[in-house]
Structures are given as C-alpha cells and as structure tokens.
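Residues per chain are reported as follows:
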Amino acid sequence: MAGGWAEDGAVQKQIDDTVEDAIAQARSQLHHGESAEFCVECDAPIPLARRQALPGVIYCINCQEARDKQQSGAKGINRRGSKDSQLR
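What you see is a predicted model, and the numbers here were worked out from it, not measured in a lab.

Scoring rules and cut-offs
- Residues numbered from 1 in each chain as written.
- Predicted model: local features only at pLDDT ≥ 70, side-chain atom pairs only at ≥ 80, totals over all residues.
- Heavy atoms only, no water.
- Helix = DSSP H or I, 4+ residues; strand = E, 2+ residues; numbered from the N terminus.
- Buried < 20%, exposed > 50% of the residue type's maximum accessible area, 1.4 Å probe, protein only.
- Contact = heavy atoms within 4.5 Å.
- Areas by Shrake-Rupley, 256 points an atom, 1.4 Å probe, with all protein chains shown as cover.
- Core = buried A, V, L, I, M, F, W, Y, C linked by side-chain atoms within 4.5 Å.
- Salt bridge = Lys/Arg side-chain N within 4 Å of Asp/Glu carboxyl O.

Asks: Tell me about the overall build of the protein chain, residues and numbers included.
Replies: Regarding its fold elements, the protein chain presents four helices and zero strands. Reading the helices (α) and strands (β) of the protein chain from amino to carboxyl end gives α-α-α-α. For the protein chain, buried positions account for 12% of its 88 residues. Within the protein chain, counting contacts between residues at least 6 apart in sequence, those at least 24 apart form 25% of the total. Carbon and sulfur atoms provide 54% of the accessible area of the protein chain, an area that totals close to 7500 Å².

What follows is the structure in structure tokens.
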C-alpha cells in the first residue's frame, strides 16, 4: 500500500534501485586485462599469486588497502529526500 502521492511498490523500487547502483559501482571498479608486475602507485612488485588471483590488478596490497579505506567513506544516494522537500 502506498501513501500520499507514491505509487504502489515505490519503496521496493527504491530498494531495488539502490542495490542495482551498488552492484554497478562494484563492477565498475573491477580490473580487466593483464595484471601489472609493479604497483602503479608505489612501484613495489606485485606477487605472482596476487596477479593470478585478480586479473588486471594494478596496485600492491598496501596501496589497494589505502584506496579501499578512502572509498569506504563514500555515502550512498538518499532517494527519499526529506518530507519538507516533498511538501514544497
């Protein structure tokens, strides 16, 4: 049941869109192609096991962890907005 001006299933659509956006974001960060032998950030050698496990890898473990920490601070999209913005 929808309330106000929202159509039926609007909440589920927001959930589905959020999940689809997260999947698209994760897929866009996957590397493709041949792995680099040396890290593009610090020029450290990338172990063969890592290059075989992650095709297209370009960062050493330390640099990748640092990048992951920076990106984890990013927040998602607020699809609902505030009630005040809906009343204007």
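Asks: Could you give me a rundown of the environment of Ala-53, with the residues and numbers involved?
Replies: As for its placement among the helices and strands, Ala-53 is situated in helix H2 (residues 48-53). In this structure the C-alpha to C-alpha distance between Ala-53 and Ser-35, which are 18 residues apart in sequence, comes to 9.9 Å.

Asks: Any chance you could break down the nonpolar core for me, citing the residues and the numbers?
Replies: Ranked by size, the top nonpolar core spans seven residues in total: Ala-36, Cys-39, Ile-46, Val-57, Tyr-59, Cys-60 and Cys-63. When residues no more than four places from it in sequence are discounted, the contact partners of Ala-36 are Ile-46, Arg-51, Val-57 and Ile-58.

Asks: Requested: an account of the side chain of Arg-50, with residues and values cited.
Replies: By secondary structure assignment, the location of Arg-50 is in helix H2. Apart from the residues within four sequence positions on either side, Arg-50 is in contact with Val-57, Tyr-59, Cys-60, Ile-61 and Gln-64.

Asks: Let's hear about unusual backbone geometry: which residues, and what values?
Replies: We note that Asp-43 has phi near 65 degrees; this positive angle belongs to a residue other than glycine. Relative to the helices and strands, Asp-43 is located in the loop between helix H1 (10-28) and H2. On the basis of relative accessibility, which here comes to 55%, the residue Asp-43 falls in the exposed class.

Asks: A description of the pattern of salt bridges should follow, citing residues and the corresponding values.
Replies: For the structure shown, the criterion picks out one salt bridge. Between Lys-13 and Asp-17 there is a salt bridge whose closest N-O contact spans 3.1 Å. Here Asp-17 and Lys-13 lie together in helix H1, a separation of four residues that amounts to about one turn. Residue Lys-13 is classed as partly exposed on the basis of its relative accessible area of 45%.

Read these as layout, nothing more, since geometry by itself doesn't imply function.
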